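What follows is the residue order along each chain.
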Amino acid sequence: MCTDLNRDLAKMGKPMPLDFEIIKGLKFVDPHIHMVSRTTDDYQALFDAGVMLVIEPAFWVGQPRTGLSTFQDYYSSLIGWERFRAAQFGIRHFCTIGLNSREANNESLADQVMEMLPFFIHKDGVLGIGEIGFDDQTPLEEKFYRAQLELAKEANIPVQVHTPHRDKTRGTLRSMEIALEHGLDPSMVIIDHNSEETVKDVLDRGFWAGFTIYPFTKMGNERMVDIVKQYGADKIMVNSAADWGISDPLAVPKTASLMLQRGVALTDVEKVTYSNALEAFAVHKHIDLATLEQTLIADPTSKFEGNTILRGGQQPRIDKSSIIIS
Amino acid sequence: MRYQEIKNEVLAAVTADESKYLQDCFDKINTSYSTNFVPVFSTLNRNLSVATRAKTIMFKDDDLIINDWEITQVIRVLFVYAINEDNPDIYYAFVDRLFVYSSIEELSALYASLNILEFPEKWQARCAEGIRNNIENVQKAVMLDNKYPANYLDQAAWNQLVLKSFFTQKNVLHIYGLFDRNNQHLAESIVDYIYERHSAKRNIHPILWLLAKNSLPERALNILCESMETTTDRIVQSILFHVMLVNNDKLKLSINLESLSNKLEIMPFSEEVLDAYKNGKLCVQI
């Protein structure tokens, strides 16, 4: 979020040098990142830092959509163009599809979106329903949250739940109660954007707990280290939720680096930055997880006059140290 | 389309359980495509094992060029073929909506199906739209090993397909009808492209010369001779030399082409040369 920032420098922590040597060779998943808002430089940086797979929940694009077609095109881009774009940079792209809470408040449009969702949720690349839940915690948000929980239950796919910025603890508890009321298995629900105030309730109820490392407005990664030290690594995952705001697409590898430097065990770091996300979103149902051991070749059969044009599956890189463009 | 034979080929390539599952899918589409097609079409991948999905199919068919297609693409094309609807408007609306709501894999399969869709003349605009698509596999499904564009596209759309295939670095010899539908308009656009590549000091695709060989102005012929001097691959030399021979009367060369041919041991231009080029058997990278 760009607005209402409280940038108190004293609370921004002591800077540490960016050093990925300690995480060299590790693999990461960012289970919440909005790549449609990010640049190709970000994709290259993610790849270089070891992020093998990203999950992009459908979200609010910064201003309200006013017609069904823009929702349709957005969902299409998540399973189409963005997925392809990611592959060009060696990154496997999955998404969750859903009606976000803010736009649930436009009831007539939201009703139309609900009719369209069943066309998308079974597509290749779609892991589940998300991100859905509460923002202002209005009756309409609740109506469409419930409707989408039913859709997920019927399709037997995971749900990625956004928890509100305001009145967070109550909103988080309510989100879980409603999910249980609809008979969802907590092990198929990821409650996202947790804090020190919500983590215990989420874990105690058997839900997955997502933590968004996002400067100024959500979690800082020093706090995240303390949480993993206190609660362990089971059922916890970190993400960047990087979007059009001041956010950091490298939040997951940076947090892994910090955890290792501060004494968190390697196996725990791997859980919260890699394997828990794969398990929670049941990625094994979509791809052979063994392929994550290999660099993604965007199109192994792509040949130009007999010569593979994408070296290592990657787009060619520009030389950033040169002013020559050719 | 040899539907049953292709279907048998596919069913033989999957496990017994998958074969049963797929047969059930076909039955569902036959029973009611309007209610059953979308769920069957969209959930295909998650109902086949990773090992099965890695398989490819080759099949000689009159309507389709099934050249190492992923098995899922072949299955999806078979599903589309199984849609049974006599009313053109209902059929068009249903299939067109499949395009609108498709994933990358589905879209590729739908474009690969163009030549076996009912009411073929209705799909010209959709095919032209597919050529504008920017996703590699979707482009390939429309442009390569697909008989629909050559059979049904008008000249303007056809020329866009050919030009875009060069711009996007496709293996252009997989374009069905590439030489049969060659035309003067296309040749002129290709000459413009050759000039642009030459000015930018970038490689010039040898097949461009073949398509424009009867329309080369003096400037282009000079570039052709320059390319011949710098090319070391024998297959490319053979192609360029063939174009030089076609233009022999216009070339003001001080050297004799036949003696140049002997000196360089240039292979005679033939179908085999094109096949070698198509299959990537270049001696060196150009």
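> Where do I start with the overall build of chain B in this structure?
The secondary structure content of chain B amounts to 17 helices and two strands. Classification of the 286 residues of chain B by burial places 54% in the buried group. Taking contacts inside chain B between residues at least 6 apart in sequence as the whole, the part at least 24 apart equals 69%. Taken as a whole, chain B presents about 13400 Å² of accessible surface, with 46% of it coming from carbon and sulfur. Treating the 29 positive side-chain charges of chain B as one cloud and the 37 negative ones as another, the clouds have centres 5 Å apart.

> Which parts of the structure should I look at to understand the overall build of chain A?
Counting its secondary structure elements, chain A contains ten helices and ten strands. What you see for chain A is a C-alpha radius of gyration of 19 Å, in line with the 20 Å of a compact globule of 326 residues. Looking at chain A as a whole, 54% of its 326 residues are labelled buried. Long-range pairs, those at least 24 residues apart, make up 75% of the contacts in chain A with a sequence separation of at least 6. A total accessible area of about 13900 Å² is found for chain A, and carbon and sulfur atoms account for 53% of it.

> Can you walk me through the side chain of Asn247 of chain B in this structure?
Mapped onto the elements, Asn247 of chain B comes out in the loop between α15 (234-246) and α16 (257-264). Residue classification places Asn247 of chain B among the buried residues on the basis of a relative accessible area of 2%.

> Would you mind showing me how to read the pairing of strand β2 (residues 51-57) of chain A here?
Side-chain direction in a regular strand flips from residue to residue, so the side chains alternate between the two faces of the sheet. Residue and element names in this part refer to chain A. Across the seven residues of β2, seven count as buried, placing the element largely inside the fold. Where strand β1 (residues 28-30) and β2 come together, three bridges link them in parallel fashion. Paired with Asp30 across the two strands is Val54, which belongs to β2. For the crossover from β1 across helix α1 (residues 40-48) to β2, the handedness is right-handed. Where β2 and strand β3 (residues 92-97) come together, five bridges link them in parallel fashion.

> What am I meant to see in the pattern of salt bridges here?
Residues and elements named next belong to chain A. For the structure on display, the rule yields 27 salt bridges over all chains. One salt bridge in this structure joins Glu142 and Arg174, with 2.7 Å as the shortest N-O distance. On the criterion of sequence distance, the pair formed by Glu142 in helix α5 (residues 139-155) and Arg174 in helix α6 (residues 168-181) is long-range, its members being 32 residues apart. The closest approach of N and O atoms between Glu196 and Arg223, which form a salt bridge, is 2.8 Å. One end of the pair, Glu196, is in the loop between β6 (189-191) and α7 (199-204); the other, Arg223, is in helix α8 (residues 221-231), and 27 residues separate them in sequence.

Criteria and cut-off values
Residues numbered from 1 in each chain as written. Chains lettered and ligands numbered in written order. Predicted model: local features only at pLDDT ≥ 70, side-chain atom pairs only at ≥ 80, totals over all residues. Heavy atoms only, no water. Helix = DSSP H or I, 4+ residues; strand = E, 2+ residues; numbered from the N terminus. Buried < 20%, exposed > 50% of the residue type's maximum accessible area, 1.4 Å probe, protein only. Contact = heavy atoms within 4.5 Å. Areas by Shrake-Rupley, 256 points an atom, 1.4 Å probe, with all protein chains shown as cover. Lys, Arg positive; Asp, Glu negative; His and termini not counted. Charge placed at Lys NZ, Arg CZ, Asp CG, Glu CD. Rg over C-alpha atoms; globule rule 2.2 N^0.38 Å. Pairing = 2+ DSSP bridges. Right-handed = clockwise from strand over helix to strand, strands pointing away. Salt bridge = Lys/Arg side-chain N within 4 Å of Asp/Glu carboxyl O.

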